[in-house]
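Tertiary structure, described
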Amino acid sequence: QVQLVESGGGLVQAGGSLRLSCAASRGIATWTWYRQAPGNQRKLVATISGGGKTTYEDSVKGRFTISRDNTKNTVYLQMSDLTPEDTAVYYCNGKGIWEWDPYDYWGQGTQVTVSS
């Protein structure tokens, strides 16, 4: 069974930085970071394709950077200039198709709290 393990969350002051990591036991085609604030729906933050193409939600453009290391089956989210509005549980997602079978895996979530 494929496992996704997240790390890197924590408590930071506004203007600070954090780097989230998510590691898979096997290779992933498309990596996506989502976040969910209390009482809100889960929202897409950033995506990186197998070819390295990235997309970002408007509110994080210029502040967050998604990257991947395929040798480690790992995706990263570098977050800078954090604001209290970034406070949420962050989830990584890995999906694709392998030998005709689609897969869709989720990490356990990691809490990011930004104080004012």
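Structure: see above.
If you're wondering where the values come from, they're calculated on a predicted model, not measured in any experiment. (Residues numbered from 1 in each chain as written. Predicted model: local features only at pLDDT ≥ 70, side-chain atom pairs only at ≥ 80, totals over all residues. Heavy atoms only, no water.)

Looking at the pattern of salt bridges
Going by this rule: Salt bridges are defined by distance alone: a side-chain nitrogen of Lys or Arg within 4 Å of a carboxyl oxygen of Asp or Glu. Helical segments are the DSSP runs of H or I of at least four residues, strand segments are the runs of E of at least two, and each set is numbered from the N terminus. Each residue is assigned to one of three classes by its accessible area relative to the maximum for its type, calculated with a 1.4 Å probe on protein chains only: buried under 20%, partly exposed between the two thresholds, exposed over 50%.
Applying the stated rule across the entire model yields 4 salt bridges. Notably, a salt bridge pairs Glu57 with Arg35, separated by 4.0 Å at the nearest N-O pair. With a gap of 22 residues between them, Glu57 in the loop between strand 6 (54–56) and strand 7 (64–69) and Arg35 in strand 4 (residues 30–36) connect regions that are remote in the sequence. On the accessibility criterion, Glu57 (30% relative accessible area) is partly exposed. Arg63 is the partner of Asp86 in a salt bridge, and the nearest nitrogen-oxygen pair spans 2.8 Å. Of this pair, Asp86 sits in the loop between strand 8 (74–79) and strand 9 (88–98) while Arg63 sits in the loop between strand 6 and strand 7, placing them 23 residues apart in sequence.

A look at the pairing of strand 10 (residues 101–106)
On a regular strand, one side chain projects to one face of the sheet and the next to the other, so that they alternate. The cut-off we apply is this: Only strands joined by at least two bridges in the DSSP assignment are considered to pair.
Bridge analysis of strand 9 against strand 10 gives 6 bridges, and the strand direction is antiparallel. Of the residues in strand 10, the one forming a bridge with Asn93 is Trp106. Between the antiparallel neighbours strand 9 and strand 10 lie 2 residues, among them Glu99 with a positive phi of about 50 degrees.

What about the nonpolar core?
Our working rule: Throughout, nonpolar core names a set of buried Ala, Val, Leu, Ile, Met, Phe, Trp, Tyr and Cys residues whose side chains join them through atoms within 4.5 Å. Throughout, a contact is declared for two residues whenever any of their heavy atoms are within 4.5 Å.
Within the largest apolar cluster, 26 residues are counted, with the highest numbers of intra-cluster contacts made by Trp31, Trp33, Val45, Phe64, Leu77, Met79 and Tyr90. Sort the elements by how many residues they give to this core and strand 3 (residues 18–24) lands first, with 4 residues. Look past the residues within four positions of Val45 in its chain and what remains in contact with it is Trp33, Tyr34, Arg35, Thr55, Tyr56, Glu57, Val60, Phe64, Leu77 and Tyr90.

Observations concerning the packing of aromatic side chains
For clarity, the threshold we go by: Here a pair means two rings of Phe, Tyr or Trp (six-membered ring of Trp) with centres within 6.5 Å. Their orientation is stacked below 30 degrees between planes, edge-to-face above 60, and tilted elsewhere. To sit over a ring, a charge needs its Lys NZ or Arg CZ within 6 Å of the ring centre and within 35 degrees of the ring normal.
Under the definition given, this model contains 2 aromatic pairs. Centroid distance Tyr103 to Tyr105: 5.4 Å. Interplanar angle 15 degrees. Geometry classified as stacked. Under the relative-accessibility criterion, Tyr103 is labelled buried at 13%. Accessibility expressed as a relative area gives 27% for Tyr105, which makes it partly exposed. Lying over the aromatic face of Tyr76, Arg19 brings its terminal NZ or CZ to 4.0 Å of the ring centre. A cation over a ring is seen here: Arg42 above Trp106, with NZ or CZ 4.9 Å from the ring centre.

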